[in-house]
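# Tertiary structure, described
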Amino acid sequence: ADVGVPNPQEFPTLNTAKPLFVRDVEAKIRRYLRSSYSAAWTLKITWEKAPAYAARTDTRRTVTYQAILTTDGFRSFVLMLYQEGGMQWDYTRLAATNVLIGYT
């Protein structure tokens, strides 16, 4: 895969056997929200070795992270997972000053 390019994987699991990854997502939601949850659809997007924004040619300081979207058809969740140590970009050295991690 290209450096910093997202790699999406879709897991439609309604009425099908669930891969270990989807079972792990369900377990995280159950544990964090103390609620029952059975995924009907899950999307995992992984950004591997993504350089800081506006530094696409400097691949010395990169980070790998994932966004996982999942739904049971009624409730939907997003899990943001970061590599050990979290986002390791030095935001004070970025060209952009309005850095945001998360989603809306």
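Overview of the structure. All values derive from a computational prediction rather than experimental measurement.

## Concerning the overall build of the protein
Looking only at helices and strands, one finds 1 helix and 4 strands in the protein. The secondary structure elements of the protein, listed N-terminal to C-terminal, are β-α-β-β-β. Here the analysis covers contacts within the protein between residues at least 6 apart in sequence; of these, 54% occur between residues at least 24 apart. Of the accessible surface of the protein, which amounts to about 7,500 Å², a share of 53% is contributed by carbon and sulfur atoms.

## Brief notes about the pairing of strand S3 (residues 62–71)
The side chains of a regular strand alternate between the sheet's two faces. The buried fraction of S3 amounts to 7 of the 10 residues, a majority that puts the element mostly inside the structure. Pairing geometry for strand S2 (residues 41–51) and S3, over 9 bridges, is antiparallel. Counted as the bridge partner of Leu-43 is Leu-69 from S3. Across 7 bridges, the pairing between S3 and strand S4 (residues 76–82) is antiparallel. Residue pairing in the sheet places Gln-66 in a bridge with Leu-81 of S4. Hairpin connection between S3 and S4: a loop of 4 residues separates the two successive antiparallel strands, and Gly-73 in this loop has a positive phi of roughly 100 degrees.

## Brief notes about the sheet that holds S2
Spatially, S1-S2-S3-S4 is the arrangement adopted by the 4 strands of the open sheet, whose pairing is antiparallel. Two strands bound the open sheet, and with one partner strand each, they are strand S1 (6–12) and S4. Looking at each pair of strands side by side, their axes are set apart by 15 degrees on average, direction ignored. Two strands pair when backbone bridges link them, and S1 and S2 are joined in this way by 7 bridges, in the antiparallel orientation. Following the sheet pairing, Gln-9 is matched in S2 by Lys-44.

## Digging into the nonpolar core
The biggest cluster of nonpolar side chains holds 10 residues, and these are Phe-11, Phe-21, Val-22, Val-25, Ile-29, Tyr-37, Ala-39, Ile-68, Phe-77 and Leu-79. Broken down by secondary-structure element, the contributors of at least two residues to this core are helix H1 (20–33) and S4. Sequence-distant contacts of Ile-29, that is, excluding residues within four places in its chain, are made with Arg-34, Tyr-37, Thr-70, Phe-77 and Leu-79. Within the second largest apolar cluster, 7 residues are counted, among which are Leu-43, Trp-47, Val-63 and Tyr-65.

Conventions used here
Residues numbered from 1 in each chain as written. Predicted model: local features only at pLDDT ≥ 70, side-chain atom pairs only at ≥ 80, totals over all residues. Heavy atoms only, no water. Helix = DSSP H or I, 4+ residues; strand = E, 2+ residues; numbered from the N terminus. Contact = heavy atoms within 4.5 Å. Areas by Shrake-Rupley, 256 points an atom, 1.4 Å probe, with all protein chains shown as cover. Buried < 20%, exposed > 50% of the residue type's maximum accessible area, 1.4 Å probe, protein only. Pairing = 2+ DSSP bridges. Axes fitted to C-alpha atoms, helices over the stretch in contact; angles between N-to-C directions. Core = buried A, V, L, I, M, F, W, Y, C linked by side-chain atoms within 4.5 Å.

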